[in-house]
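# Observations on the three-dimensional arrangement
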Amino acid sequence: MAFTGPLKDAHALAEGIFRFFPDEFEPRSVLAYLRADAGQLNSAQTLLDGLDPDKQNAPIVRTTKACQCLHNGDAEGAQELLENVLTEIPDYLPAMLLKMRLKAGRSQWTQARHLGEKILARAPRCVPAQHILGTLHLARNEQREAELRFRSALGVDPDYTPALVNVAAICTQQKRLDEAKEFLTKVLALEPTRPTALTQFALYSIGVGELQRANAIVEDLLAENAEHISAKMVLAYLRQKSGDTESAKRLYEEILAKYPESAEAHFNLGLIALAEGRWKEGWEGYEHRFAVPQLGLSLRFASRNLWRNEDLEGKTLYLWIEQGLGDQMQMWRFITRLTKMAKHVILGVSPELRRLAEACLPKDISLFTPGKENSVPMWDYHCPLMSLPHRLGIKADDPTGDPYLFLPTNATERARQLLQIDADDQRLKIGLVWSGNPQYQEDRYRSMPLSAWHELAVLPNVALYSLQKGPAADELEEADFPIVPIGTQLADFLETAAVVQQLDLVISVDTSVAHCAGALGKPVWIALPAIADWRW
């Protein structure tokens, strides 16, 4: 039953049969396995102790003992027991499933996936196998494939709480918050005290801006179990976002003391170090970003020929896109340096930045835009753009603040037409951007409504120009102060940069336009939250 339908049905059936036949080997041993699998270790052991001595070596008993070992952190003991069982019975499903969990827990994804596929070939409705395969996809940031696996599990067992929690996690990360709430409501109705569900509810609460509720949830969880790592991670994040970096650092260090491989703790300590100006330590922590699933980043080409500061003489280096438009422009400051180190540089560039890169970057580099060129030219090494400061050993006093993008003179003609600036107009020309990408997980902490800028319009001798693009530009229709709409007419960042070049000042929230203005050497004021990104 555990391999063909809902687990609760398997538990109910096993419990019912055991009540009628408490001394029979099969009902007692199967129930012991199911209870051990559910983490009810003492109850499982009591059932095992009631078995005849000559039955203690049965496959189901050894598998149950392996399950107990795994729950108690004895992975080696679990593996030894499972290998013994599978040597005797290679296709014994309970042992195969437990071995799959063991492999997945050790990040041995290929072996775990192979086991899962074998299990599903024999038992297509095996809910735990579908779920574990989903977690393997999730660990590789393959959210679409992960969600399909979790939903397949829920198609067999709609009340399977681990899958409900994981679908809620994906929905939260993708800002599908209404769906996340629906799944969390269901799982908490089924198991109101389930720690993983409560932790995910705390993350959902952060997503909708309910930080106090999130804090209360994880503090309650930690009061029950001070070593609850997921709850401690959320609490550390909340402390970090509130500005209490000392408490956050202490919590992350406690996590790393027990789980030294925690990429999320390393990454967040790196962000704190960068914000505090400890750049060497910060860049090292920042390198863990690809192993943090909720960031949604993937390390392309795995580690094959990844540039780690090897000598580039006579070599071609491919720099690929990993994050947003502003991040790309921020890293362009290092391109000229790299052209002096390598025989050739290939730069990945988003379509919106392509013409700006062609106009402003060294002419001896090659540009690669996904969807424009069919394939990347041959390269010897590759490197994600945001790893350049780490590879180049950039220190806090290295960036000079000097401009590093220079527009050709013919790029400004259209900008003058759009701005319609009269030669006699002596007003201060200010470009405004009030909102970033709404899909960004923390957009609620950086974007603001256009109406918040009303006071600028009443200043004397000021002309306001909107550089805003995207859905937030619709707010211009309701603006009750004069502002010239320019952003929606700009085709790409070459045109944006040309307009910025003609202005006296740019005022922006944390967006790519701020990076563009800075790269051009144009005065820019950035409206930041109280706890800002490390870049600022």
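That block above? That's the structure.
A brief look at the structure comes next. (Residues numbered from 1 in each chain as written. Predicted model: local features only at pLDDT ≥ 70, side-chain atom pairs only at ≥ 80, totals over all residues. Heavy atoms only, no water.)

## So, the overall build of the protein
Threshold: Each helix corresponds to a stretch of at least 4 residues labelled H or I by DSSP, and each strand to a stretch of at least 2 residues labelled E; elements are numbered beginning at the N terminus. When a residue's accessible area, from a 1.4 Å probe over protein chains only, is under 20% of the maximum for its type it is buried; when over 50% it is exposed; and in between it is partly exposed. Here a residue-residue contact requires only that any non-hydrogen atoms of the pair lie within 4.5 Å. Using a 1.4 Å probe, the Shrake-Rupley method yields the accessible areas, and only the shown protein chains count as cover for residues. Neither His nor the chain termini are counted; the positive set is Lys and Arg, and the negative set is Asp and Glu. To locate a charge, the coordinates of NZ of Lys, CZ of Arg, CG of Asp or CD of Glu are taken.
Per the secondary structure count, the protein includes 25 helices and nine strands. In terms of its C-alpha atoms, the protein occupies a principal-axis envelope of roughly 100 × 60 × 40 Å. Burial analysis of the protein (536 residues in total) assigns 50% to the buried set. Within the protein, counting contacts between residues at least 6 apart in sequence, those at least 24 apart form 58% of the total. When the accessible area of the protein is evaluated, it comes to approximately 25900 Å², of which 51% is carbon and sulfur surface. Taking the average location of the 57 positive side-chain charges in the protein and that of its 70 negative ones, the two points are 4 Å from each other.

## Some words on the sheet that holds strand 1 (residues 316-320)
Let me state the cut-off plainly: Here the rule is simple: two strands pair whenever DSSP picks up at least two bridges between them. In this analysis an axis means a line fitted to C-alpha atoms, helices contributing only their contacting stretch, and an angle means the value between N-to-C directions, from 0 to 180 degrees.
Strand order in the open sheet formed by four strands is 3-2-1-4, with parallel pairing between adjacent strands. The two strands at the open ends of the sheet, each matched to only one other strand, are strand 3 (366-368) and strand 4 (381-384). Across the sheet, the mean angle from the axis of one strand to that of its neighbour is 20°, orientation sign disregarded. Two elements, strand 1 and strand 2 (residues 344-348), share four bridges in a ladder whose sense is parallel. Among the inter-strand pairings, Tyr 318 is bridged to a residue of strand 2, identified as Ile 346.

## Looking at a negative patch on the surface
The criterion, for reference: Only residues whose relative accessible area exceeds 30% and that form no salt bridge are eligible for patches; like-charged ones are grouped when within 9 Å, while nonpolar side chains (Val, Leu, Ile, Met, Phe, Trp, Tyr) are grouped when within 5 Å. When a carboxyl oxygen of Asp or Glu lies within 4 Å of a side-chain nitrogen of Lys or Arg, that pair is called a salt bridge.
On the surface, a cluster of negative charge is made up of Asp 23, Glu 24, Glu 26, Asp 52 and Asp 54. Tracing the sequence through the fold places Asp 52 in the loop between helix 3 (41-49) and helix 4 (59-71).

## A word on the nonpolar core
Spelled out, the test is: In these notes, a set of buried Ala, Val, Leu, Ile, Met, Phe, Trp, Tyr and Cys residues joined through side-chain atoms within 4.5 Å is what counts as a nonpolar core.
Residues Leu 319, Trp 332, Leu 356 and Leu 388 are the most contacted members of the largest nonpolar core, which totals 63 residues. Here this core gets six residues from one element, more than from any other, and that element is helix 24 (residues 493-502). Sequence-distant contacts of Leu 356, defined by excluding residues within four places in its chain, comprise Met 329, Trp 332, Leu 361, Leu 405, Leu 407, Phe 493, Leu 494 and Ala 497. Ranked by size, the runner-up nonpolar core spans 47 residues in total, among them Leu 154, Leu 188, Tyr 204 and Ile 206.

## A word on the pairing of strand 8 (residues 505-509)
Note the threshold: Think of it like this: strands point away, you trace from the first strand over the helix to the second, and a clockwise trace means the crossover is right-handed.
Of all the five residues making up strand 8, five are buried; the element is thus mostly covered by neighbouring parts of the structure. Across four bridges, the pairing between strand 5 (residues 428-433) and strand 8 is parallel. The residue of strand 8 that forms the bridge with Gly 431 is Val 506. For strand 8 and strand 9 (residues 524-527), the ladder comprises four bridges, and the chain directions are parallel. Bridge pairing links Val 509 to Ala 527 in strand 9. Taken together, strand 8, helix 25 (residues 512-520) and strand 9 constitute a β-α-β crossover, and its handedness is right-handed.

## Remarks on unusual backbone geometry
A positive phi angle, near 60°, is found at Asn 305, a position not held by glycine. Counting through the fold element by element, Asn 305 comes out in the loop between helix 17 (279-286) and strand 1. We classify Asn 305 as partly exposed; its relative accessible area is 38%. The backbone of Asn 461 sits at a positive phi, close to 60°, despite the residue not being glycine. Along the chain, Asn 461 turns up in the loop between helix 23 (454-457) and strand 6 (462-466).

## Focus on the packing of aromatic side chains
The condition that has to hold: Any Phe, Tyr or Trp ring, taking Trp's six-membered ring, that has another such ring centre within 6.5 Å forms a pair; planes under 30 degrees apart are called stacked, those over 60 apart edge-to-face, and the others tilted.
By the definition in use, this model includes eight aromatic pairs. When the ring of Tyr 286 is compared with that of Trp 534, the centres are 5.9 Å apart and the planes differ by 70°; the resulting orientation is edge-to-face. With Tyr 286 in helix 17 and Trp 534 in the segment after strand 9, this pair connects stretches of sequence that are 248 residues apart. Pair check on accessibility: Tyr 286 and Trp 534 agree, each one buried. On the basis of an interplanar angle of 50° and a centroid distance of 6.0 Å, the ring pair of Phe 290 and Trp 320 is categorised as tilted. Of the two residues, Phe 290 is situated in the loop between helix 17 and strand 1 and Trp 320 in strand 1; the sequence distance between them amounts to 30 residues. By the burial criterion, Phe 290 is buried, and Trp 320 matches it.

## Some remarks on a nonpolar patch on the surface
Taken together, Leu 13, Ile 17, Phe 20 and Phe 21 make up a surface patch of nonpolar side chains, about 430 Å² in accessible area. As for its position among the elements, Leu 13 is in helix 1 (residues 7-20). Since its relative accessible area comes to 42%, Leu 13 is described here as partly exposed.

## Side note on helix 15 (residues 245-258)
Threshold: The span one expects for a helix is its residue count, reduced by one, times 1.5 Å.
The terminal C-alpha atoms of helix 15, which comprises 14 residues, lie 20 Å apart, in line with the 20 Å expected from a rise of 1.5 Å per residue. Ser 247, Ala 248, Lys 249, Leu 251, Tyr 252, Ile 255 and Leu 256 are the residues of helix 15 that are buried. Among the structural elements, helix 14 (229-242) and helix 16 (263-275) are those in contact with the buried residues of helix 15.

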